[in-house]
Amino acid sequence: AQTAKDKARATSLLKQGAALLDKKEYAEALEKFQGAFAIVPSPKIQFNIALAYEGLARPARAWDAFQKYLDGATSDAAERRADAKKHQDALR
């Protein structure tokens, strides 16, 4: 069971990762996102992981992470799910 402290730590890592992604520091962002996923294994985090892999020019890993997101985050916003599919199409 995840505690509130675990969720807060994962949220902090996600915010740090997003800031690094904005700066195009993809390897560092990937580390933060993977750390957050290790604490709270939410499929929604796979979207961020995929973006980091995309930035690192690792298309197969990015495609797989987008697929994990799509398979697991079925109740996420339709717009974000469509965005993931567009990324996958571009990676293909």
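Right above here is the structure, for reference.
Residues numbered from 1 in each chain as written. Predicted model: local features only at pLDDT ≥ 70, side-chain atom pairs only at ≥ 80, totals over all residues. Heavy atoms only, no water.

### A word on the packing of helix H3 (residues 45–55) against helix H5 (residues 78–91)
Step number 1: Running from N to C, H3 and H5 cross one another at 30°; their axes reach a closest spacing of 12 Å. Relative to H5, the element H3 lies roughly parallel. Note on packing geometry: the crossing formed by H3 with H5 is left-handed. Between H3 and H5, the residues in contact are Phe47, Asn48, Leu51 and Glu54 and Arg80, Asp83, Ala84, His87 and Leu91, respectively.
Step number 2: Class assignment for the residues of the contact of H3 with H5 results in four nonpolar, two polar and three charged. (Axes fitted to C-alpha atoms, helices over the stretch in contact; angles between N-to-C directions. Helix = DSSP H or I, 4+ residues; strand = E, 2+ residues; numbered from the N terminus. Parallel < 35°, antiparallel > 145°, perpendicular 65-115°, else oblique. Left-handed = near helix turned anticlockwise from the far one by under 90°. Contact = heavy atoms within 4.5 Å. Nonpolar A, V, L, I, M, F, W, Y, C, P; charged D, E, K, R; others polar.)

### Regarding the pattern of salt bridges
Step number 1: Across all of its chains, the model carries three salt bridges by this definition.
Step number 2: A salt bridge links Asp76 to Arg80, with the shortest nitrogen-to-oxygen separation between them at 3.5 Å.
Step number 3: The network of salt bridges with shared partners includes Lys44, Asp76 and Arg80. (Salt bridge = Lys/Arg side-chain N within 4 Å of Asp/Glu carboxyl O.)

### Brief notes about the side chain of Asp76
Step number 1: You can see Asp76 is positioned in the loop between helix H4 (59–72) and H5.
Step number 2: Exposure remark for Asp76: the relative accessible area of 15% places this residue in the buried category.
Step number 3: Those residues within four positions of Asp76 in sequence are excluded, and the remaining contacts are Lys44, Tyr69 and Arg81. (Buried < 20%, exposed > 50% of the residue type's maximum accessible area, 1.4 Å probe, protein only.)

### Some details on the nonpolar core
Step number 1: Among the nonpolar cores identified, the biggest contains 22 residues, and Phe33, Ile49, Tyr69 and Ala84 are the most heavily contacted of them.
Step number 2: Looking at this core, the elements with two or more residues in it are helix H1 (4–22), helix H2 (26–39), H3 and H4.
Step number 3: When residues of this core are assigned to their parent elements, the largest contribution, six residues, is made by H3. (Core = buried A, V, L, I, M, F, W, Y, C linked by side-chain atoms within 4.5 Å.)

### Focus on the environment of Ala82
Step number 1: The residue Ala82 is located in helix H5 in this model.
Step number 2: Ala82 sits 12 residues away from Leu70 along the chain, and the two C-alpha atoms are 9.3 Å apart.

### What to know about unusual backbone geometry
Generally, phi is negative for residues other than glycine and the peptide bonds are trans, each holding for most cases.
Step number 1: Its identity as a non-glycine residue notwithstanding, Lys24 has a phi of 65°, on the positive side.
Step number 2: By the element assignment, Lys24 lies in the loop between H1 and H2.
Step number 3: You will see that Ala57, though not glycine, has its phi angle at about 60°, which is positive.
Step number 4: On the secondary structure map, Ala57 appears in the loop between H3 and H4.

### Re the packing of aromatic side chains
Step number 1: Under the counting rule described, the total for this entry stands at two aromatic pairs.
Step number 2: On the basis of an interplanar angle of 70° and a centroid distance of 5.3 Å, the ring pair of Phe47 and Tyr69 is categorised as edge-to-face. Note that Phe47 is positioned in helix H3 and Tyr69 in helix H4, a separation of 22 residues in sequence.
Step number 3: Judged by relative accessible area, which is 6%, Phe47 ranks as buried.
Step number 4: Relative accessible area serves as the criterion here: at 0%, Tyr69 is assigned to the buried category.
Step number 5: Of the aromatic side chains, those joined through ring pairs into one cluster are Phe47, Phe66 and Tyr69.
Step number 6: Its end group placed over the ring of Phe47, Arg80 keeps NZ or CZ at 4.1 Å from the ring centre. (Phe/Tyr/Trp six-rings, centres within 6.5 Å; stacked < 30°, edge-to-face > 60°. Lys NZ or Arg CZ within 6 Å of the ring centre and 35° of its normal.)

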